[in-house]
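Letter by letter, the chains look like this.
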Amino acid sequence: CGPGAWLIDLANKYEDSNFFGIDIKSVYPSEAIPENLEFVEADIFNGLPFPDDEFDFVHQEVMGLIIKAIQWDFVISELVRVTKPGSFIELVE
């Protein structure tokens, strides 16, 4: 999620939803975070720290140059695993 600006905007706009931002390093802010937003330090290559079928919407952005071709199957399987059936996964580059 990087610095988390997009998530902060979403969390402020959609107060009845819960948001999670994930990054391998804690580059996100530690203050002025909406109550419905949580930042998690995690490495997607070690698996996402969430149970199966947890989210209605999963968004991954600007990872095309970071994820190697051999890693994509695992990354996509993790995104699918944590997304509820019939929900939405968005990959943005």
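Parameters at a glance
Residues numbered from 1 in each chain as written. Predicted model: local features only at pLDDT ≥ 70, side-chain atom pairs only at ≥ 80, totals over all residues. Heavy atoms only, no water. Pairing = 2+ DSSP bridges. Helix = DSSP H or I, 4+ residues; strand = E, 2+ residues; numbered from the N terminus. Right-handed = clockwise from strand over helix to strand, strands pointing away. Core = buried A, V, L, I, M, F, W, Y, C linked by side-chain atoms within 4.5 Å. Buried < 20%, exposed > 50% of the residue type's maximum accessible area, 1.4 Å probe, protein only. Contact = heavy atoms within 4.5 Å. Arc of directions from axis to C-beta. Domains from an automatic or database assignment. Buried area = accessible area lost by both parts, 1.4 Å probe. Salt bridge = Lys/Arg side-chain N within 4 Å of Asp/Glu carboxyl O. Polar contact = N/O pair within 3.5 Å; in protein donor to acceptor, adjacent residues only side chain to side chain. Nonpolar A, V, L, I, M, F, W, Y, C, P; charged D, E, K, R; others polar.

Draft legend 1. A look at the pairing of strand β4 (residues 83-92). Sheet topology places strand β3 (residues 55-61) next to β4; six bridges connect them, and they run parallel. Bridge pairing in β4 places His 59 opposite Glu 90. This β-α-β element, β3 to helix α2 (residues 72-82) to β4, shows right-handed connectivity.

Draft legend 2. Molecular detail of the nonpolar core. Ranked by size, the top nonpolar core spans eleven residues in total: Val 40, Ala 42, Ile 44, Leu 48, Phe 50, Phe 55, Val 58, Ile 67, Val 75, Leu 79 and Val 82. For this core, the elements supplying multiple residues, two or more each, are β3 and α2. Counting residues per element, this core draws most heavily on α2, which supplies three residues. Residue contacts for Val 40: discarding those within four places in its chain leaves Phe 20, Gly 21, Ile 22, Asp 23, Tyr 28, Pro 49 and Phe 50. In this structure, Leu 7, Ile 8, Ala 11 and Tyr 28 belong to the second largest nonpolar core, which totals eight residues.

Draft legend 3. Spotlight on helix α1 (residues 5-13). The complete set of buried residues in α1 reads Leu 7, Ile 8, Leu 10 and Ala 11. For α1, the angular spread of buried residues about the axis comes to 165°, placing them on one side. Turned more than 90 degrees away from the buried face of α1, the exposed residues are Asp 9 and Lys 13. Looking at the packing, one finds that the buried side of α1 touches β1 (19-23) and β2 (37-41).

Draft legend 4. Quick look at the domain arrangement of the protein. Here the protein is partitioned into domain 1 (1-41) and domain 2 (49-92). Distance between the C-alpha centres of domain 1 and domain 2: 18 Å. Taken residue by residue, the interface counts four residues in domain 1 and five residues in domain 2. Across the domain 1/domain 2 interface, buried area totals approximately 360 Å², and carbon plus sulfur atoms make up 94% of it. Scanning the region where domain 1 abuts domain 2 turns up zero salt bridges. Summed over the shared surface of domain 1 and domain 2, the number is zero residue pairs in polar contact (both at pLDDT 80 or more). For the side of domain 1 that touches domain 2, a count of residues per class yields four nonpolar, no polar and no charged.

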